[in-house]
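# Coordinate analysis (summary)
For reference, the chains in residue letters:
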Amino acid sequence: MDLVKRGRRLRRSPGIRKLVRETVLNVEDLIYPIFVMEGTGVKKEMTSLQGQYYYSLDTLEEEIRELESLGINSIILFGLPDEKDEAGSEAYSENGIVQRAIRKIKEISPELVVITDVCLCQYTSHGHCGVLHNHYIDNDKSAELIAKTALSHAKAGADIVAPSDMMDGRIKAIRTLLDKEGYEDIAIMSYSVKYASAFYGPFRDVAHSAPSFGDRKTYQMDSGNALEALREAEQDIEEGADFLMVKPAMAYQDVIYRLKENFPYPLAAYNVSGEYCMIKAAASQNLIDEKAVVMEMLLGLKRSGADIIITYFAKDAARYLRGE
Ligand code: PBG
């Protein structure tokens, strides 16, 4: 055959394939989610997120040392408070579970980048991400409490705060309050484009954060929309976001791509609980090769434009990257 161009020349050997590989995954790209709860001696596997654990403050050290040994240098923290109320007050209490966990983790490992999920849903009795006014989420009051929560995390020593509520103006509210209190160096990783998604199902089980009535569709985005994603990201940047995020990841890779094309900012993708469980479930039935699928998925998210990936597979991926 008279062919000048042959794509297979560049696929001939592992060495050549490595040489021309456009995207690589690094352990530094990964953020591992950690769930902390009250109690002592707790390291309890989550029923809905097999292979993931709840930790009490006294069992965190072993986990942090493991992350260090794997080369993972960033975590995102979630808290499960013992008490919930209408206003989610444990979210911004100085001695809340997350605030204590941050202080503890910073003692154990000052270099670890501690990112905190900033939201009210685990802390409100009704499970919504804001406070209610006649059964409707009061945007501005909620944004104020979200900012208060972010400030309490910064005071405890968090490096980056990550609001996941999707109230309008929350980035501005957080930036203003952090600056006013002397935390102008604390970065904001905004969950800028967070869809109202069924892929969060397992997380809501483990975080006890399912809304007791209604859904999150009046504040989280509609899954048919991508132009709206650009508007959300633009507004967050204007309000002072340092990082953008798209969540969930796999069903929204076009959105990841569009954000990366439009905004020269570090971009995170949240590979959420439902995505994790689908792979775990298929692998447990020997339908897919878990390791190969996980690495292909994570690489695909990077190729789409994500610089950073929040994933429950972070530790596994770190091991795979070392060839274990
Ligand atoms: C809190 C929050 C949620 C997730 C991250 N932060 C749940 C939600 O919005 O309902 C989901 C993460 C996952 O599914 O892994 N607002």
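Figured I'd write up the structure that's included with this text. (Residues numbered from 1 in each chain as written. Predicted model: local features only at pLDDT ≥ 70, side-chain atom pairs only at ≥ 80, totals over all residues. Heavy atoms only, no water.)

Another aspect to go through is the pattern of salt bridges. Side chains carrying opposite charge are able to pair once their charged atoms draw close together. One pass over the full model with this rule turns up 17 salt bridges. The salt bridge involving Asp242 is made with Arg175; its shortest N-O contact spans 3.9 Å. Linking Asp242 in the loop between helix H7 (227-239) and strand S11 (244-247) with Arg175 in helix H5 (residues 170-180), this pair joins segments that are 67 residues apart in sequence. Residue Asp242 is classed as partly exposed on the basis of its relative accessible area, which comes to 32%. With a shortest N-O distance of 4.0 Å, Lys180 and Glu181 are connected by a salt bridge. One continuous salt-bridge network, built from bridges that share partners, spans Glu63, Glu66, Lys315, Asp316 and Arg319. (Salt bridge = Lys/Arg side-chain N within 4 Å of Asp/Glu carboxyl O. Helix = DSSP H or I, 4+ residues; strand = E, 2+ residues; numbered from the N terminus. Buried < 20%, exposed > 50% of the residue type's maximum accessible area, 1.4 Å probe, protein only.)

Turning next to the pairing of strand S12 (residues 267-271). When you tally the buried positions in S12, you get five out of five residues, the bulk of the element. Of the two faces of S12, the one carrying Leu267, Ala269 and Asn271 and the one carrying Ala268 and Tyr270 are both buried. One ladder, built from three bridges, connects S11 with S12; its direction is parallel. Residue pairing for S12: Met245 is matched across the bridge by Ala268. Running through helix H8 (residues 253-262), the crossover from S11 to the neighbouring parallel element S12 is right-handed. Note that S12 and strand S13 (residues 308-311) share four bridges and pair parallel. In the sheet register, Ala268 faces S13, and the bridge partner there is Ile308. (Pairing = 2+ DSSP bridges. Right-handed = clockwise from strand over helix to strand, strands pointing away.)

So, about the site of the ligand. Taken together, the neighbourhood of the ligand is formed by 19 residues, with Lys194, Arg204, Lys247, Ser273 and Tyr312 sitting nearest. Within the side chain of Arg216, a nitrogen or oxygen atom sits 3.0 Å from an oxygen atom of the ligand. Side-chain polar atom of Tyr312 to an oxygen atom of the ligand: 2.6 Å apart, as the coordinates give it. Across the complex, the protein chains shield 100% of the 400 Å² of accessible surface that the ligand would expose by itself. (Near = heavy atom within 4 Å. Polar contact = N/O pair within 3.5 Å; in protein donor to acceptor, adjacent residues only side chain to side chain. Areas by Shrake-Rupley, 256 points an atom, 1.4 Å probe, with all protein chains shown as cover.)

Let us now look at a nonpolar patch on the surface. Together, Leu10, Leu19 and Val20 make up a nonpolar patch on the protein surface, roughly 300 Å² of accessible area in all. Its place among the elements puts Leu19 in helix H1 (residues 14-20). (Patch = residues over 30% accessible without salt bridge, like charges linked within 9 Å, V, L, I, M, F, W, Y side chains within 5 Å.)

What follows is about helix H10 (residues 290-304). Here H10 spans 21 Å end to end across 15 residues, near enough to the 21 Å set by a 1.5 Å rise per residue. Buried residues along H10 sit in contact with H8, S12, helix H9 (273-284), S13 and helix H11 (314-321). Looking at where H10 begins, the residue whose side-chain oxygen comes 3.3 Å from the main-chain nitrogen of Lys291 is Asp289. Phi turns positive, to about 135 degrees, at Gly305, one or two residues after H10. (Expected span 1.5 Å × (residues − 1). Contact = heavy atoms within 4.5 Å.)

Moving on, we come to unusual backbone geometry. Of note, the bond from Lys247 into Pro248 is cis; its omega dihedral lies within 30 degrees of zero at -10 degrees. Its place among the elements puts Pro248 in the loop between S11 and H8. Phi angles above zero are rare outside glycine, and His135 is one such case at about 70 degrees. With respect to the helices, strands and loops of the structure, His135 is situated in the loop between strand S6 (132-133) and strand S7 (136-137). Non-glycine residue His208 carries a positive phi angle of around 50 degrees. By the element assignment, His208 lies in the loop between helix H6 (201-206) and H7. On the accessibility criterion, His208 (49% relative accessible area) is partly exposed.

To continue, consider a positive patch on the surface. Residues Arg6, Arg8, Arg9 and Arg11 make up a contiguous surface patch of positive charge. Relative to the helices and strands, Arg9 is located in the segment before H1. (Lys, Arg positive; Asp, Glu negative; His and termini not counted. Charge placed at Lys NZ, Arg CZ, Asp CG, Glu CD.)

With that settled, consider the side chain of Asp236. Its location among the elements puts Asp236 in helix H7. A relative accessible area of 3% means that Asp236 is categorised as buried. Excluding residues that lie within four positions of it along the chain, Asp236 makes contacts with Arg170, Ile171, Ser190, Ser192, Ala241 and Leu244.

This part takes up the nonpolar core. Within the largest apolar cluster, 104 residues are counted, with the highest numbers of intra-cluster contacts made by Ile34, Phe35, Leu60, Leu77, Met189, Val255 and Leu259. Looking at this core element by element, the count peaks at seven residues for helix H4 (residues 139-156). With residues up to four places along the chain from it excluded, the contact list for Met189 reads Ile31, Ile115, Ile160, Val161, Ala162, Pro163, Phe243, Met245 and Ala268. Core analysis: the second largest hydrophobic core is formed by seven residues, Cys119, Ile137, Met167 and Tyr219 among them. (Core = buried A, V, L, I, M, F, W, Y, C linked by side-chain atoms within 4.5 Å.)

In this section: helix H3 (residues 97-108). The end-to-end C-alpha distance of H3 is 16 Å, a good match for the 16 Å that twelve residues give at a rise of 1.5 Å each. All of the buried residues in H3 are Ile97, Val98, Gln99, Ala101, Ile102, Ile105, Lys106 and Ile108. Tucked inside the fold, the buried residues of H3 contact strand S1 (30-37), helix H2 (60-70), strand S4 (74-80), strand S5 (113-118) and H4.

Relative to the elements of secondary structure, Ser209 occurs in the loop between H6 and H7. Setting aside chain neighbours within four positions, we find Ser209 in contact with Cys121, Gln122, Gly127, Phe203, Arg204 and Arg216.

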